[in-house]
Amino acid sequence: MESFALLIAATLNAGTVLAIAGLGLLINERAGIVNLGAEGMMLVAAIAGFATAVHTGNDWLAFGAGAAAGALMAAAFGGLVIWLNTNQYATGLALSLFGAGFSAFAGIQYTQQKLGERPHFEIAGLTDIPFIGPALFRQHPMVYLTIALTVGLAWFLYRSRAGLVLRAVGESPESAHALGYPVRRIRLAAVMTGGALCGVAGAYVSVIYTPLWVEGMIAGKGWIALALTTFATWRPARVLLGAYLFGGVTMLQFHLQGEGVQIPSQFLTMLPYLATIVVLVLISRNATWIRVNMPASLGKPFFPGS
Amino acid sequence: MLKLEARPQPSKAMSFASPLLALAITVVIGIVLFMLLGKDPLKGLYVFFIEPIKSGYALSELSIKATPLVLIALGLAVCFRSNIWNIGAEGQFIVGALCAGWMAMQAGPDTSRFIVVLVLLAGVLGGMLWAGIVALLRDRFNANEILVSLMLVYVADMVLSYLVYGPWKDPQGYNFPQTITFAAATKIPRLIDGWRMNIGVLIALAAVAGFWVFLFRTYRGYQLQVGGLAPLASRYAGFSSRSALWTGLLLSGGMAGLAGGLEAAGPLGQLTPHVPAGYGFAAIIVAFVGRLHPVGSIFSAVLMSMFYIGGELAQSRLGLPKSLTGVFQGLLLFTLLACDTLIHYRVRWQSVPAAPSVKPVAAPTQKIREA
Amino acid sequence: MTRHLLKLAEVTSLAATAALVGCGKKEEPAAPTAQAPASAPAPAKKEPLKIAFAYVGPVGDAGWTFAHDNGRKAVEKEFGDKVQTSFVEKVPEAADAERVFRDMIGQGNKLIFGTTFGYMEPMLKVAADAKEVKFEHATGYKSAENLRAYDSRTYEGAYMAGVVAGGMTKTNVLGVVGSIPIPEVIRNINSFTMGAQSVNPKVKTKVVWVNEWFNPPKETEAAQSLLNGGADVLMQNTDSSAVLQTAEKAGKYAFGWDSDMTSYGPKAHLASAIINWGPYYIKTTKDVLDGTWKTSQEKIWWGVKEGAIDLVSVSDKVPADLKEKVEKVKAGLKDGSYVIWKGPVTDNTGKEQLPKDKVADDGWLGGIKFYVKGVEGKVPGGDAK
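Parameters and conventions
- Residues numbered from 1 in each chain as written.
- Chains lettered and ligands numbered in written order.
- Predicted model: local features only at pLDDT ≥ 70, side-chain atom pairs only at ≥ 80, totals over all residues.
- Heavy atoms only, no water.
- Helix = DSSP H or I, 4+ residues; strand = E, 2+ residues; numbered from the N terminus.
- Buried < 20%, exposed > 50% of the residue type's maximum accessible area, 1.4 Å probe, protein only.
- Contact = heavy atoms within 4.5 Å.
- Axes fitted to C-alpha atoms, helices over the stretch in contact; angles between N-to-C directions.
- Left-handed = near helix turned anticlockwise from the far one by under 90°.
- Nonpolar A, V, L, I, M, F, W, Y, C, P; charged D, E, K, R; others polar.
- Phe/Tyr/Trp six-rings, centres within 6.5 Å; stacked < 30°, edge-to-face > 60°.
- Lys NZ or Arg CZ within 6 Å of the ring centre and 35° of its normal.
- Pairing = 2+ DSSP bridges.
- Expected span 1.5 Å × (residues − 1).
- Polar contact = N/O pair within 3.5 Å; in protein donor to acceptor, adjacent residues only side chain to side chain.
- 1 Å grid on protein atoms, 1.4 Å probe; cavity = no way out; pocket = protein on both sides within 12 Å on 5 of 7 lines; lining within 4 Å.
- Points joined across faces, edges and corners; volume = space filled by probe spheres on them.
- Domains from an automatic or database assignment.
- Buried area = accessible area lost by both parts, 1.4 Å probe.
- Salt bridge = Lys/Arg side-chain N within 4 Å of Asp/Glu carboxyl O.

Within chain C one finds 11 helices and 14 strands. Burial analysis of chain C (385 residues in total) assigns 58% to the buried set. Residue pairs at least 24 apart in sequence account for 64% of intrachain contacts in chain C once pairs closer than 6 positions are excluded.

All names here are of chain B. Where helix H11 (residues 279–289) contacts helix H13 (residues 324–344), the two axes come as close as 10 Å, and the packing angle between them is 35°. Crossing angle aside, the handedness with which H11 passes H13 is left-handed. Here H11 contributes Ile-285, Phe-288 and Val-289 to the contact with H13, which in turn contributes Gln-329, Leu-332, Leu-333 and Leu-336. Considered class by class, the residues forming the contact of H11 with H13 number six nonpolar, one polar and no charged.

Next up on the list: the packing of aromatic side chains. Counted according to the given criterion, the structure contains 39 aromatic pairs over all chains. Ring-pair connections join several aromatic residues into one group, and the members of that group are Phe-53, Tyr-55, Trp-64, Phe-87, Phe-113, Tyr-150, Trp-277, Tyr-280, Tyr-281 and Trp-302 of chain C. Positioned above the aromatic ring of Tyr-308 of chain B, the side-chain terminus of Lys-65 of chain B is 5.1 Å from the ring centre. Here Lys-299 of chain C stacks its cationic end above the ring of Trp-301 of chain C, 4.5 Å away from the centre of that ring.

Further remarks concern the sheet that holds strand S11 (residues 300–302) of chain C. All names here are of chain C. If you trace the six strands from one edge of the open sheet to the other, you get S2-S1-S3-S4-S5-S11, paired in parallel fashion. Looking at the sheet topology across the chains shown, the edges are occupied by strand S2 (83–88) and S11. Pairwise comparison of adjacent strand axes, ignoring direction, gives a mean angle of 20° for this sheet. Relative to strand S3 (residues 111–114), strand S1 (residues 49–54) runs parallel, the two being bridged by four bridges. The residue of S3 that forms the bridge with Ile-51 is Leu-111.

On to helix H6 (residues 145–165) of chain B, then. Spacing of three or four residues puts side chains on the same side of an α-helix, whose turn is 3.6 residues. Residues and elements named next belong to chain B. Under the 1.5 Å per step criterion, the end-to-end length of H6 is 30 Å for 21 residues, consistent within 8% with the ideal 30 Å. Of all 21 residues in H6, 17 are buried; the element is thus mostly enclosed. Two or three places before Ile-146, at the start of H6, stands the capping residue Asn-144, its side-chain oxygen 2.7 Å from that residue's backbone nitrogen.

Before going further, it helps to spend a moment on the sheet that holds strand S9 (residues 253–258) of chain C. All names here are of chain C. The six strands lie next to each other as S7-S6-S8-S9-S10-S12, forming an open sheet whose pairing is mixed. Edge positions in the sheet fall to strand S7 (204–209) and strand S12 (309–312), since each of these pairs with one other strand and no more. Looking at each pair of strands side by side, their axes are set apart by 20° on average, direction ignored. Of the strand pairs in this sheet, strand S8 (residues 233–236) and S9 are connected by two bridges, and their pairing is parallel. Within S9, the position partnered with Val-233 by the bridge is Tyr-253. Contacting strand S6 (173–178), S8, S9, strand S10 (269–275) and S12, helix H5 (residues 154–168) runs over the sheet at an angle of about 25° to S12.

It is worth spelling out empty space enclosed by the protein at this point. All names here are of chain B. Evaluation of the coordinates by the stated rule reveals 12 cavities of 30 Å³ or more. Roughly 100 Å³ of internal volume is contained in the second largest cavity. What lines the second largest cavity is Ser-63, Ile-64, Thr-67, Pro-68, Met-197, Asn-198, Gly-200, Val-201, Ala-259, Leu-262, Glu-263 and Pro-267. Taken together, the residues of the lining of the second largest cavity sort by class into seven nonpolar, four polar and one charged.

Bringing the environment of Glu-174 of chain A into the picture now. Here Glu-174 of chain A is to be found in helix H8 (residues 173–178). Residue class for Glu-174 of chain A comes out partly exposed when judged on its relative accessible area of 43%.

With that out of the way, let us pick up the domain arrangement of chain C. All names here are of chain C. Domain assignment breaks chain C into domain 1 (2–152) and domain 2 (154–275 + 307–365). Counting the surface lost from both domain 1 and domain 2, the interface buries some 900 Å², and carbon and sulfur atoms represent 55% of this. The interface formed by domain 1 and domain 2 holds zero salt bridges in total. Along the contact surface separating domain 1 from domain 2 lie two residue pairs in polar contact (both at pLDDT 80 or more). Here the side of domain 1 that touches domain 2 gets three residues from one element, more than from any other, and that element is helix H2 (residues 64–79). When its residues are assigned to classes, the side of domain 1 that touches domain 2 shows four nonpolar, three polar and one charged.

All names here are of chain C. With respect to burial, strand S5 (residues 147–152) is a largely interior element, six of its six residues being buried. By the alternation rule, side chains of S5 split into Leu-147, Ala-149 and Asp-151 and Arg-148, Tyr-150 and Ser-152, which are all buried. Here strand S4 (residues 134–138) runs beside S5; their pairing, made up of four bridges, is parallel. Paired with Glu-136 across the bridge in S5 is Arg-148. Across three bridges, the pairing between S5 and S11 is parallel. Residue Asp-151 lies in a different strand from S11, and its bridge partner there is Trp-301.

Should the charged atoms of two oppositely charged side chains come close, the side chains can pair. All names here are of chain C. Within this structure, the stated rule accounts for 26 salt bridges over all chains. Asp-69 is the salt-bridge partner of Arg-72, the closest N and O atoms lying 2.8 Å from each other. Placement of the pair is Arg-72 and Asp-69 together in helix H2, with a separation of three residues, close to one helical turn. As far as the burial class goes, Arg-72 and Asp-69 line up, both buried.

Here the focus is the packing of helix H3 (residues 56–81) of chain B against H11 of chain B. All names here are of chain B. At a closest axis distance of 8 Å, the pairing of H3 and H11 adopts a crossing angle of 65°. For the pair H3 and H11, the crossing hand works out as right-handed. Of the residues in H11, those in contact with Lys-65, Pro-68, Leu-69, Ile-72, Ala-73, Leu-76, Ala-77 and Phe-80 of H3 are Tyr-279, Gly-280, Ala-282, Ala-283, Ile-284, Val-286, Ala-287 and Phe-288. Within the contact of H3 with H11, the residues separate by chemical class into 14 nonpolar, one polar and one charged.

A few words now on unusual backbone geometry. Across the junction of Gly-343 of chain C and Pro-344 of chain C, the peptide omega takes the value 5°, indicating a cis bond. With respect to the helices and strands, the residue Pro-344 of chain C is situated in the loop between helix H10 (320–335) and strand S13 (345–346). A positive phi is found at Asn-85 of chain A, a non-glycine position, where the angle reads about 55°. With respect to the secondary-structure elements, Asn-85 of chain A resides in the loop between helix H3 (59–83) and helix H4 (88–106). Judged by its relative accessible area of 15%, Asn-85 of chain A is buried. The phi torsion at Asn-142 of chain B lies on the positive side, around 60°, for a residue other than glycine.

Set out below in structure tokens:
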């Protein structure tokens, strides 16, 4: 039982990274932009965050640095895609490839560095509750912030004026433009916010999750976060749940190995990716449902005045 | 303030010049990088651009790297032109290598040389199979091909790992993860003794010609291109987007599988967990920098290979880190995409800040086309 | 249109090449003696021996490659300007490796070290074409007249760590984060367990495989799942300090591997099982300089006796009597009186693998495919025949 509680705790931790990035990408996609550069942004943010933590010893500054790095890269992406109308998929890919190379390059002198003692977290009193205590209450504050973020984002999207405008831009930029909204600037804001969140997720990986820098350490989480948004049909709460699901599958593979389950470890390692495909298929099966839920202008360029 | 103004017609000159301009910008940034790192920039350029081509042996090594890139990029170009985003070419490469490897392992010491044909064919079929999964899921279930193809890359890698650690492991190999070394008959024939260049180069050149004909001289190719450029128009004309999906994916999967087979039976000579070399992803850059054009992909593949080999050499010659290669490659694609806008837009200097959402009316006396 | 494109590209590339070649002529072409200005001009006597190292990982991995690079630095320190070393890192274990090795020869290196198993075939091919160059291949098993294999007895370090682990565990469950299920790693898991059992017969070992040498996030998750499963002392065969850091965060124990990792987890760190390549590299270099280098059909396998393996930085948390036990084992390994792999050894299915009093030879050790009693689970792919 104890080990199951710990599995849940580990799942929450693993899922947080995916959730933050996924929520950031959700904001992007709600505005109609697909940013395939998530992996690259997370990598650059990871090294930015790690370097900041090494030099300042302050984790929260590190998250800030990660957010800034992500936002900066997203801005470059946004400039190309929104104003120069370059192909979103190709530009995003370029961002990912560049981010991978650049982070490796920038991170060379940080490969052997380590951060100061990593803090323990506990909520006094709550951690002593049997099972639930160790499962839920020994997490880094970021885990709880992520849940707050999800709630906040849902409120923003569905209950605030600004959120409505964002969604309108994503559904029909032409109409929003006709109504006088600065579509391109709104999209840029969405892209940069999304980038900042991916950046926070990236910094979380290198500062809290595995307090080390090594090139390529994001190891595909950016791509899974992208899958998450489709899988969650662009709703924040589902992104969070999906993230936990994936985090769980990832931890499950090691858990099963440890229990002596006789499935070759490679098949267990495949689980998260196969799970993504299965869920994608299930979600996408109903073309109408997808069309109803997907921001209508997703991936399409917008030409003001056209 | 710089302003972009739409050209009435895409500029042909720019569509040739754009990759070169992007390369120039990348080189300039590279020079700056070299200087920042305290290295001689001219020496850096020499290592990246001259050394990889300065001898026959060097060219032969270049061809080994460039051949798989060209092959995969050819297929991807068809895909991307049809607006199908196959980014799982790496996975198709792996499965192609697996199937080719399986075929190669059926050979014995007495097998005739013809097995090479079967080996490569197996590679093609393997790649097509893997890409076919993506096509099926998109066709039947609308599943996004970007995500599915990418997830399948990870799955393919694990399948390779499982086979190489398990059922296909060389029994004489001390439990190390590798298959037997393939029989001599299966080796891809080399062109010149002592160099590693093999007939893959000839296959690639033939493929370039074939794809050129397909894209620009056949009706099918025309359909695919229209489907990508103007999906509504193409549907109206009766071109099936479904068959475009299958054609694009099967072709690119087959080409990636072919590249995988050539790699497994060529320079590698066996299957190891290190078959995936990133060619599937690099080929995406190659396809774009080559303007999604068969002939263009030769030049961009050579360029990318120079980055790879140059990056390797830069380590021992200049003490530069290997990650520079990735930086240059990513930069190249980025700047290319930026420069590509110049095909459709002109840059003008405007002293009056233009309103963000209203296009200024072009004065009738303004020259609309640059010379 | 195609002709247009071809023409334009041809002209441009020719022009660019001409320009660069024109500039390039000012530089020396990469001749064997023209290296970065940092190298001192050759002394009046012999040309320095050029030695090159090929690494599979980054020098900063604080693990496997880092240890090799320390060995390289030891050679530089020992021989000064009699040698000139260089290295290429992150050389993949694939077709590219051959080109790197050929390039090293082209650069005038006469002694080349390939530090991972996957370089075996490329090195063999290249060695056949460059008979005057000596090749050293780490962890391999093939040899040639100018190529020999070498390795370190990491299992001795694992055993000593096991002794410490057996004495420090409270739950009697040990965890190992395994990299790739090759004999070396299986042997280390077994030795670790056997060492622990020598002081605490009740211990069990759980193993989780990451299927990579180096992947800190995955190593973290694997370590976490072992801790979740009840292990309170962790061991690893992977190359980063992630496992140790995970143990640190959880308030449990772990070891450093390949190099001294104390600073990565000061509270969790019990000891580090390190590899010291210095002695072997220095001896090999000396042999080449003296002209006495000889190949060997068997791989050259050094351990505690030759100074290649050690258990260092044993923490003060380890009680004195346990420390003494470890020192006794170490002394016994040094003078050859202590043998780790001596029968009876039973595997975890109950089958006897090594009869009583039989001492395992290097060949047998090289092909281990079973888990000893006390290790849970089955060796991945172990029964593939």
